[in-house]
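Commentary on secondary and tertiary structure
Now for the letters of each chain:
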Amino acid sequence: MKTILKFVTIAVFFMMLHCGLDAFGQNPPPPPPGGGGAGGAGNVPGGGTPIGSGITIMLLLGAAYGSNKLLQLNKNENNN
């Protein structure tokens, strides 16, 4: 069981490292058409809100929650 936990920890670490390095390799987005102004997002759907980091965090939290539930299930089966 400890080897699986080590493997999962290492895999999550490298996935987080990979997601962080992807952001550094991209060019900044072009300015919105028409100047954008303060408070205006131009014609960008969704207002130009970035969702990439939020999805990554949500997936990592879901994986952590799922692995916690699996560990609890295995503990309960071993005790019975």
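Scroll up to find the structure.
Here the structure is a predicted model, which means the values were calculated and not measured.

With that settled, consider the overall build of the protein. Along the backbone of the protein there are 2 helices and 0 strands. Counting the 80 residues in the protein, one finds 1% classified as buried. Surface exposure of the protein reaches about 7,100 Å², of which carbon and sulfur atoms provide 68%.

On the surface, Met1, Ile4, Leu5, Phe7, Val8 and Leu71 cluster together into a nonpolar patch covering about 590 Å² of accessible area. Residue contributions to the nonpolar patch peak at 4 residues, all from helix H1 (residues 2–24). Along the chain, Met1 turns up in the segment before H1.

The next point concerns the packing of aromatic side chains. Under the counting rule described, the total for this entry stands at 1 aromatic pair. When the ring of Phe13 is compared with that of Phe14, the centres are 5.4 Å apart and the planes differ by 70°; the resulting orientation is edge-to-face.

Reading the values: the criteria
- Residues numbered from 1 in each chain as written.
- Predicted model: local features only at pLDDT ≥ 70, side-chain atom pairs only at ≥ 80, totals over all residues.
- Heavy atoms only, no water.
- Helix = DSSP H or I, 4+ residues; strand = E, 2+ residues; numbered from the N terminus.
- Buried < 20%, exposed > 50% of the residue type's maximum accessible area, 1.4 Å probe, protein only.
- Areas by Shrake-Rupley, 256 points an atom, 1.4 Å probe, with all protein chains shown as cover.
- Patch = residues over 30% accessible without salt bridge, like charges linked within 9 Å, V, L, I, M, F, W, Y side chains within 5 Å.
- Salt bridge = Lys/Arg side-chain N within 4 Å of Asp/Glu carboxyl O.
- Phe/Tyr/Trp six-rings, centres within 6.5 Å; stacked < 30°, edge-to-face > 60°.

All we've got here are geometric facts, nothing functional implied.
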